[in-house]
Amino acid sequence: MANVDAPFTLPTDVKDITIKNFINGQWVTPLTNRSFATVCPATGQELTLIPDSGETDIDNAVKAAKTAFKTWSKTTVKHRVSILKRIAELIKEHLAVLAKYESLDQGKTLSLATRHEIPSCVHIFELFATMIAKGFAETKGSMPFGSSPMEITDIKPCTVDSVTQYVPAGVAAIITPWNVPLVMISQKLAPCLAAGSTCVIKPTELCSITTYLFTHILREAGVPDGVVNVVFGTGERAGEPLVKHKDVRVISFTGGTKTGSRIGMVAGALNKRVYMELGGKSPSLVFDDCDIHHAAATGIRSIFHNQGEICVAASRHYVQNPIYKRYLELFREKTIGRLKVGDPRDSNTYYGALVSQNHLEKVTGYIRMAQEEGATVEFLVDPNDPDIVSVSSDGRLTIRGLEGGFFVAPTLITDIKQSSPVVQEEIFGPVVCVLPFDSEDEAVELANDTKYGLSASVWSLDQRRLDRVMRQINAGTVWSNTWFALNLELPFGGFGCSGNSREFGPWSLEIFSEIKTLSHNRYR
Ligand code: NAD
């Protein structure tokens, strides 16, 4: 139980943080006795050590979750609401510390973490508290059943009244990526707790600090031992044993499409329920009858927000020929000298460092590929920015005072073929391809020419055109004249290689529940 005498605080200096697994309400070192270093993306320097957990650590965590399920699944909705609300309050109280570490560990700007991401976590816990307080959605039905001529026994005709019932699913595996670490945990954990299930979380190995601090919040909020367990480590050594564990009933995974295929294969063979939110390569269709200033300004945000490390990033912009050149001019004008890349702590910085050296290599690799294919590649940086020491030929930026950091310039690619891997594959960085089109049909065809289908934006002031085009786009979320306007009470998820799940609202509660149909013979 929480210590009621001492005020609850979180460490403000990374040197005071020793990350341990959180199993059955205790912080424990991994039985493997192994760890690896995590690196600060803005400096390239080691931040702290992460437990490199293995199968036995996972097994202990699942056992704790299975035991805790017996009581947690029977708690009242009122009790769960009070815990979810307390978690929200504690995140709010410790917002500054959590935002500081999210920025330090992930490379995102402190202002994005402070103003948007950590407040989103608060909102998510509050939302699911409110949702279950209103009650789970029920579907009811009545149906007469007569005795059939086939019956040989004396069965009376009757009416059967049926009603659906949501029951907690059991032990869930929650596996998350690095781009919005605590948001991802909250997005899955809040509905898991709300639904009465228990879980083992395997967060990304690249950004584990806020998840570790969050375990202290969970304990302080009164989450009973074993209800939430967190095991740190790699996908291979900790993630996969979790997916395979015989007592894990449900897997809620967000991450890359390739990992999703692997998890789907492993879990499918074991008949587990798997919910996947995967990658994207979202299009933005810009028609010549749109508000072009608004389209260009939002277009910039849609690819450079969070270093382009966002699943719904609009990384393919298709612009109708009459306004193609003007759109590019505006895109350059509104970026160069106005969008600052650099120190994530500086409130003037729009985006910070990419998450890792490996990811930097991946992103700059696509930039080199575009150059080799003969595309036009422009780095939209301000030549007079005193903080930029140099821009390399593949877009890597050297920032004064942060020379070891993983920074990449805002990159605009034109004169590239639709079939290029640069246009087809998810880059997950600040790199946008802008291509022209002539007709509405061509725009729809280009937008749908992808294996993904997470989101899309359509820009036009003609409502009938919007209706026609939006209906034809194969994506889970389609916006008109905006981007990333998510209503957390509505479903979010992708078509095709973007996943098989829908999250938020009741769709998230369904992931962590089993749905039964109870049918009563009315004897009439
Ligand atoms: P990733 O697939 O490399 O890793 C995600 C998680 O899976 C990590 O915790 C990792 O350790 C774990 N993992 C890896 N291999 C595993 C295995 N064999 N078994 C079990 N777990 C395993 O993804 P990433 O690089 O961390 O994240 C970036 C990706 O996430 C991008 O593709 C992005 O589009 C996607 N993403 C999607 C959404 C969405 O809602 N659709 C949201 C955020 C991020």
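Residues numbered from 1 in each chain as written. Predicted model: local features only at pLDDT ≥ 70, side-chain atom pairs only at ≥ 80, totals over all residues. Heavy atoms only, no water.

Considering the environment of Thr-43
Going by this rule: In DSSP terms, a helix is any run of H or I states spanning at least four residues, a strand is any run of E spanning at least two, and both are numbered starting from the N terminus. For the exposure calls, accessible area comes from a 1.4 Å probe over protein chains only, and a residue counts as buried if that area is under 20% of its type's maximum, exposed if over 50%, partly exposed in between. Whether two residues are in contact is decided by their heavy atoms: any pair within 4.5 Å suffices. We define a polar contact as two N or O atoms separated by no more than 3.5 Å, with the added condition that, inside protein, one atom must be a possible hydrogen donor and the other a possible acceptor, whereas residues neighbouring each other in sequence contribute only through side-chain atom pairs.
Examined against the element boundaries, Thr-43 turns out to sit in the loop between strand S3 (35–39) and strand S4 (46–51). The class for Thr-43 is partly exposed, based on a relative accessible area of 26%. A sequence separation of 283 residues divides Thr-43 from Arg-326, and the C-alpha atoms of the two residues are 38 Å apart. Ignoring anything within four residues of it in the chain, the contact list for Thr-43 reads Leu-402, Gly-404 and Gly-405. A polar contact of 3.1 Å, which involves the side chain of Thr-43, links it to the backbone nitrogen of Gln-45.

Examining the packing of helix H2 (residues 77–93) against helix H6 (residues 209–220)
Axes are the key here: two packed helices are described by the angle between their axes and the distance separating the axes. Just so we agree on the cut-off: For every element, the axis is a line fit to its C-alpha atoms; helices are fit only across the contacting stretch, and the angle between N-to-C directions ranges from 0 to 180 degrees. For this classification, under 35 degrees means roughly parallel, over 145 means roughly antiparallel, 65 to 115 means roughly perpendicular, and everything else is oblique. Handedness of a crossing is defined here by the sense of rotation of the near helix relative to the far one, left-handed for an anticlockwise turn of less than a right angle and right-handed for a clockwise turn. Each residue is assigned to one of three groups, with Ala, Val, Leu, Ile, Met, Phe, Trp, Tyr, Cys and Pro labelled nonpolar, Asp, Glu, Lys and Arg labelled charged, and all others, Gly among them, labelled polar.
H6 packs onto H2 with a crossing angle of 135 degrees between their chain directions and a minimal axis gap of 9 Å. On the basis of their axis angle, the class for H2 and H6 is oblique. H6 is crossed by H2, and the crossing has right-handed handedness. Taken together, the residues of H6 that come into contact with H2 (itself represented by Arg-86, Ile-87, Leu-90 and Ile-91) are Phe-214, Ile-217, Leu-218 and Glu-220. Class assignment of the residues belonging to the contact of H2 with H6 gives a composition of six nonpolar, no polar and two charged.

Some remarks on the sheet that holds strand S17 (residues 402–408)
Test applied: Strands are labelled as partners when DSSP assigns at least two bridges between them.
The strand order across the open sheet built from three strands is S15-S16-S17, with neighbouring strands paired in antiparallel fashion. Both outer strands of the open sheet, strand S15 (388–391) and S17, are each paired with one neighbouring strand and no more. Geometrically, the sheet is characterised by an average inter-axis angle of 25 degrees between neighbouring strands, direction not taken into account. One ladder, built from three bridges, connects S15 with strand S16 (residues 396–399); its direction is antiparallel. Bridged to Val-391 within S16 is Leu-397.

Focus: the site of the ligand
The test is simple: Only a single heavy atom is needed: when it lies within 4 Å of a molecule or strand, its residue is near that molecule or strand. Computed with a 1.4 Å probe, the accessible areas rest on the Shrake-Rupley method; for each residue, only the protein chains presented here act as cover. Domain start and stop positions are those given by an automatic or database domain assignment.
Lys-202, Glu-205, Thr-259, Leu-278 and Glu-426 are the nearest of the 30 residues found near the ligand. At 2.7 Å, a side-chain N or O of Lys-202 approaches an oxygen atom of the ligand. One nitrogen or oxygen atom from the side chain of Thr-259 is found 2.6 Å from an oxygen atom belonging to the ligand. Across the complex, the protein chains shield 89% of the 860 Å² of accessible surface that the ligand would expose by itself. If you list the elements that add at least two residues to the shell around the ligand, you get helix H7 (235–244), strand S10 (248–254) and helix H8 (257–269). Among the elements that make up the shell around the ligand, the one with the highest residue count is H7 (four residues). Split into classes, the residues belonging to the shell around the ligand amount to 13 nonpolar, eleven polar and six charged. The residues that make up the shell around the ligand include at least three from each of domain 1 (17–278 + 501–517) and domain 2 (282–486).

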